[in-house]
Amino acid sequence: MYSGEMKKIIIVVVGALLNAVAMNFFLIPANVYASGFTGVAQLLSRMIGSFAPFDVSTGILLFLLNIPVTIIAWRKVGKSFTFYSFLSVALMSFFMEIIPITRWSPDILLNAVFGGVIAAVGVGITLKYGASTGGMDIIAMLLSRKKDKPVGTYLFLLNGVIIVTAGAVYGPEKALYTLVTLYTSTRVVDAIHTRHEKLTAMIITKKSEELKQAIHAKLVRGITRVPAKGAFTNENKEMLLIVITRYELYDLEKIIKEVDPHAFTNIIETSGIVGTFRRE
């Protein structure tokens, strides 16, 4: 248990460091904007520096923007998920403060692409281990529950505001390069961790009762048990069918490995659900 939690913390630290490196070495020096709250913090930092007599760093603004979101998420989303998400934000803000902003390349396209890729790797591995990078990810989850719309809709809207604002204030070129960063980030995150809100897991196991109890102890999800028989071995087994959110995938995989490491699991993307699905 403790080794699993330690591994998760290490992953969150590495993810936060990669995000900070992407920002301070590529995106901030090139004035190319990231997605979500990070992009909002960039824009605010740039605008404060341009129009106010003082400066506020992107790292500090990112941390401040996430405080109210974390308070709401603690009550609505779940304590474990919120803790690791806020830890990721706090570490990213810390790393952004101690890592000097350095321009590695004068080529804005290289900065946009490499910044997007490195940031996406940090986001992807953080999501894969059951946390997030906070901010808009959490807000989108909360809004999707209330309005019953996909999370991606809200992420797209916020990123659209960032792109339009960057283009209006600093010229259309910045908006176009920001689009390059957002596209690159999305593709890389998709390769590391699914961005779909719901997944269907089909688990074929000889320990269906133990696995059912372990899943129900951790996740509040319905499970359908279907008789199954191995075509080669003729062994009688059961298939457990369960639909989960992408944030529960890490916990499900961990449970399966602990209860039945020999189980065969097929995880597929779920485009939609008709019927009751607990969204909390």
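For every chain, the first residue of the written sequence is number 1, and numbering continues from 1 along that sequence. Two thresholds apply to this predicted model, a pLDDT of at least 70 for residue-level local features and 80 or more for giving and counting side-chain atom pairs, whereas whole-chain, interface and lining totals are computed over all residues. Values shown for side chains rest on all heavy atoms present in the structure; no hydrogens or waters enter the calculation.

Peer 1: I keep staring at the nonpolar core and nothing clicks. Help me out?
Peer 2: In a soluble, globular protein the nonpolar side chains are often hidden away together inside. Side-chain atoms within 4.5 Å link the members of a nonpolar core, which is a set of buried Ala, Val, Leu, Ile, Met, Phe, Trp, Tyr and Cys residues. Type-normalised accessible area, obtained with a 1.4 Å probe on protein chains alone, sets the label of each residue: buried when under 20%, exposed when over 50%, and partly exposed for intermediate values. Residues M23, L62 and M96 are the most contacted members of the largest nonpolar core, which totals 45 residues. Each helix is a run of H or I in the DSSP string that is no shorter than four residues. Each strand is a run of E no shorter than two, and both are numbered from the N terminus. Among the secondary structure elements, those contributing two or more residues to this core are α1 (2–30), α2 (36–51), α3 (58–76), α4 (79–98), α5 (108–128), α6 (136–147), α7 (151–170) and α8 (172–192). In terms of residue count, α1 provides more of this core than any other element does, eleven residues in total. When sequence neighbours within four positions are dropped, the list of residues in contact with M23 reads I28, P29, A34, T38, Q42, T58, M92 and M96. Formed by 16 residues, the second largest nonpolar core is a distinct cluster that contains I223, L240, L249 and V259. Every residue pair with non-hydrogen atoms within 4.5 Å of one another is taken to be in contact.

Peer 1: Is there a simple way to think about a nonpolar patch on the surface in this case?
Peer 2: A residue counts toward a patch only above 30% relative accessible area and without a salt bridge, and it is joined to like-charged neighbours within 9 Å or, for Val, Leu, Ile, Met, Phe, Trp and Tyr, to nonpolar neighbours within 5 Å. Only the protein chains shown count as cover for residues, and the accessible areas themselves come from Shrake-Rupley with a 1.4 Å probe. Only one rule defines a salt bridge in this text: a Lys or Arg side-chain nitrogen within 4 Å of an Asp or Glu carboxyl oxygen. A contiguous nonpolar surface patch, about 320 Å² in accessible area, is contributed by I60, L64, I67 and I71. For L64, the location among the structural elements is in helix α3. For L64, a relative accessible area of 47% corresponds to the partly exposed category.

Peer 1: What's the story with unusual backbone geometry in this structure? I'm lost.
Peer 2: One can expect most non-glycine residues to show negative phi and most peptide bonds to be in trans. Phi at N31 takes a positive value of approximately 55 degrees, unusual for a residue other than glycine. Tracing the sequence through the fold places N31 in the loop between α1 and α2. A residue is classified by how much of its surface remains accessible, and N31, at 23% relative accessible area, is partly exposed. At N234, a position not held by glycine, the phi torsion is positive, near 60 degrees. Mapped onto the secondary structure, N234 falls in the loop between β2 (223–229) and β3 (236–245).

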